[in-house]
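A closer look at the structure
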Amino acid sequence: MFFTNKTGDYMVIKICMGSSCHLKGSYEVVEKIKEMNLEGIKLYGSLCFGKCANGINIEIDGVLISNVTPDNVKEKIEKFLKEGN
């Protein structure tokens, strides 16, 4: 699937790679996103978002999504895309 944001540019997904999110499995989240084979997405690792108590955090086009796990990342991204945030 090919996705773009509202301006027609690539959507940007940033994954927190801070120590807390790293220990909770952020690397596995990256791998799960790669397995989704999304086109039109730019994937970046990021320093801490400062929301460590909220589980693994990702940001899609500036919108923070918390409590992400390797098991629910696909569902959370699909929900974000469906809602057209």
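The structure this text deals with has already been given above.
In short, a report on the structure. (Residues numbered from 1 in each chain as written. Predicted model: local features only at pLDDT ≥ 70, side-chain atom pairs only at ≥ 80, totals over all residues. Heavy atoms only, no water.)

Pairing of strand β1 (residues 11–16) with strand β2 (residues 41–46), which is carried by six bridges, proceeds in the parallel orientation. Bridge assignment links C16 to a residue of β2, and that residue is S46. Relative to strand β3 (residues 56–60), β1 runs antiparallel, the two sharing three bridges. Directly across from I15, in β3, lies its bridge partner I58. (Pairing = 2+ DSSP bridges. Helix = DSSP H or I, 4+ residues; strand = E, 2+ residues; numbered from the N terminus.)

Read from one edge of the open sheet, four strands run β2-β1-β3-β4, paired in mixed fashion. Each end of this open sheet is capped by a strand with a single partner; those strands are β2 and β4 (63–68). Direction aside, the axes of adjacent strands within the sheet are offset by 25° on average. Seen against the sheet, helix α2 (residues 26–35) touches β1, β2, β3 and β4 and runs at an angle of roughly 155° to β1. (Axes fitted to C-alpha atoms, helices over the stretch in contact; angles between N-to-C directions. Contact = heavy atoms within 4.5 Å.)

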